[in-house]
Amino acid sequence: MDKKLQLILHLYGESEDRGELRDLLKDETLNHEYQELSESKFWLDHSTHERPEKDVLDTILAAAAEASAASGVQPVQQDSPSTLRSRNADRAPAERPVKQRRRLFGPITAVFTLLVTVGIGYQFMQSPATLNGVLMQESLSSTDANAPQKSSDEGFAASAKEEEASFADLDAELQPQALVADLATESDASGARSSLGNTAGSAMIADTSLPDWNDDLDEVLRFQRRIDMLLEQNKDLGWDEAAVPLELLPSSRSANPALLQAGSKKSNPGNR
Amino acid sequence: MHPSDEHLVTAYLERSDQRAFSTLVERHQERILGFLLGMVRDKSTANDLFQETFLRVIKAMHNQRGSYDRQGRWLAWVMRIARNAALDHLRSRKKWQDVSDNGDEESASYWERLPAEDLKADEILHNSEQRDWLTACIDQLSPDQREVLLLRHEADLTFREIAEMTDCSINTALGRMRYALLNLRGMMSDKKKLQTELSGS
């Protein structure tokens, strides 16, 4: 190779033999030419470079993405050409979930509002029957033969407590079937309920839309308690004796001074 | 550590990694555009050819037009396409006919065969900016010299790659480069001489 051409290779670093360059530069003519070549190269190396226009780059990158899509290879990313060249644009897709949430917020709020409205309406529709059902259940519980006798006020207070608990359950579940099932379970768990209570409770569970029946039942139960109390108090009396008119009773038969013969009352002037 | 061109090409072709292709374009855009700008001497036309080049590149990479054999020289392959695009443009404008290719470039550069007409002083003065002046000097080079100079300086190809691309021997490529640099040096000396004369007067 011509020595002048070898200088070009050394000038552009395409020859690794530095010793050869030193030998070449010992020649004054070659050394002078090397200086001139270096000066030109310096100006070229320090010349500025142009960059392509943005539209041109966008077109190229769009064509590249289109070609990839046409080739059928699954892309690892689907950024638009503009996002490929800008870190700021890289953050744009991250905002997409936020916008999605904003778009979904309206319908979700509307559905939630509708559900709450329906739930409240249903609760108002079911509240009287439920309240009656709770009172009925409490009344049934008070007919337990083994339970101690409660006064009317104590039973009502207990019924109020049960009523509050029942409302809490109702708010939690808002399902009439669940309430009925709960009542049925409580009825089953209570082993000492009277047949009347069970029958009435079953009727109440089956049809909770009979508020008047509840009041009547309360009165019946009160009468039943009264009868039971009178039986307890008069258990020493012989109910199996034959009926005897007072007029036939001897005066000394009864220690009760109020039990006087009618004739004696009329004939006794001291009583007047 | 920057991924190699071949790594990016593989990522783009096999995984449709658009960022990889974008990196390739970003990495070599100035080289390719600089070469095209030096060839056609018009910025708008150079941008058009830059786009045309990469559209051809994309088609070829997907085997729609031509082929890319992945021999580890993606830039040289792209530069060949860019050169063909530039030559097609120049041929269409019939500017390539101004210079005949008689195969004597190794013994005598195009600059030496130009009419003995130095750059006019007013032309040099008009190019006040150094870059504009350097561009104007490159424009005065013969097409072969300018092409080799642009491929070496702008595209950063080796002389062996340039020889393969321009279908000539490496000695021819080196000879064209030598004359290009010496002619530029001569034009710079003329400028200095002119500036000295103007400052003296």
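The coordinates are above.
Keep in mind that this is a model prediction, so the values were computed, not measured.

Draft legend 1. Up close: the overall build of chain A. Of the regular secondary structure elements, chain A holds twelve helices and zero strands. N-terminal to C-terminal, the α/β element order of chain A is α-α-α-α-α-α-α-α-α-α-α-α. The 272 residues of chain A split such that 24% are buried. Put simply, 58% of the contacts in chain A that link residues at least 6 apart link residues at least 24 apart. Counting only carbon and sulfur atoms, one obtains 56% of the accessible surface of chain A, whose full area is about 18,900 Å².

Draft legend 2. Representation of helix 4 (residues 74–92) of chain B in the model. In this model helix 4 of chain B runs 27 Å from its N-terminal to its C-terminal C-alpha over 19 residues, within 8% of the 27 Å that 1.5 Å per residue would give. In terms of burial, helix 4 of chain B is largely enclosed, as 14 of its 19 residues are buried.

Draft legend 3. Representation of the interface of chain A and chain B in the model. Chain A puts 44 residues into the contact, and the matching count from chain B is 46 residues. In this assembly, chain A packs against chain B so that about 4,400 Å² is buried in total across both faces, 62% of it on carbon and sulfur atoms. By the criterion of area lost to chain B, the three top residues of chain A are Leu 44, Glu 50 and Ile 60 of chain A, representing 15% of everything that side buries. Here chain A and chain B share six salt bridges between them. A salt bridge links Arg 51 of chain A to Glu 30 of chain B; the shortest N-O distance between them is 3.3 Å. Connecting chain A to chain B are 17 residue pairs in polar contact (both at pLDDT 80 or more). Looking at the side of chain A that touches chain B, the elements with two or more residues in it are helix 1 (3–11), helix 3 (28–45) and helix 4 (54–71) of chain A.

Draft legend 4. Focus on the environment of Val 56 of chain A. Along the polypeptide, Val 56 of chain A turns up in helix 4. Other than its neighbours up to four places away in sequence, Val 56 of chain A contacts Asn 47, Phe 50 and Gln 51 of chain B.

Draft legend 5. A look at the nonpolar core. Grouped together as the largest cluster of nonpolar side chains are 80 residues, with contacts concentrated most on Phe 21, Phe 50, Trp 74 and Leu 149 of chain B. Top contributing element to this core by residue count: helix 4 of chain B, with twelve residues. In contact with Leu 149 of chain B, not counting residues within four places along its chain, are Leu 44 of chain A together with Ile 138, Leu 141, Glu 154, Met 177, Ala 180, Leu 181 and Leu 184 of chain B.

Reading the values: the criteria
- Residues numbered from 1 in each chain as written.
- Chains lettered and ligands numbered in written order.
- Predicted model: local features only at pLDDT ≥ 70, side-chain atom pairs only at ≥ 80, totals over all residues.
- Heavy atoms only, no water.
- Helix = DSSP H or I, 4+ residues; strand = E, 2+ residues; numbered from the N terminus.
- Buried < 20%, exposed > 50% of the residue type's maximum accessible area, 1.4 Å probe, protein only.
- Contact = heavy atoms within 4.5 Å.
- Areas by Shrake-Rupley, 256 points an atom, 1.4 Å probe, with all protein chains shown as cover.
- Expected span 1.5 Å × (residues − 1).
- Buried area = accessible area lost by both parts, 1.4 Å probe.
- Salt bridge = Lys/Arg side-chain N within 4 Å of Asp/Glu carboxyl O.
- Polar contact = N/O pair within 3.5 Å; in protein donor to acceptor, adjacent residues only side chain to side chain.
- Core = buried A, V, L, I, M, F, W, Y, C linked by side-chain atoms within 4.5 Å.

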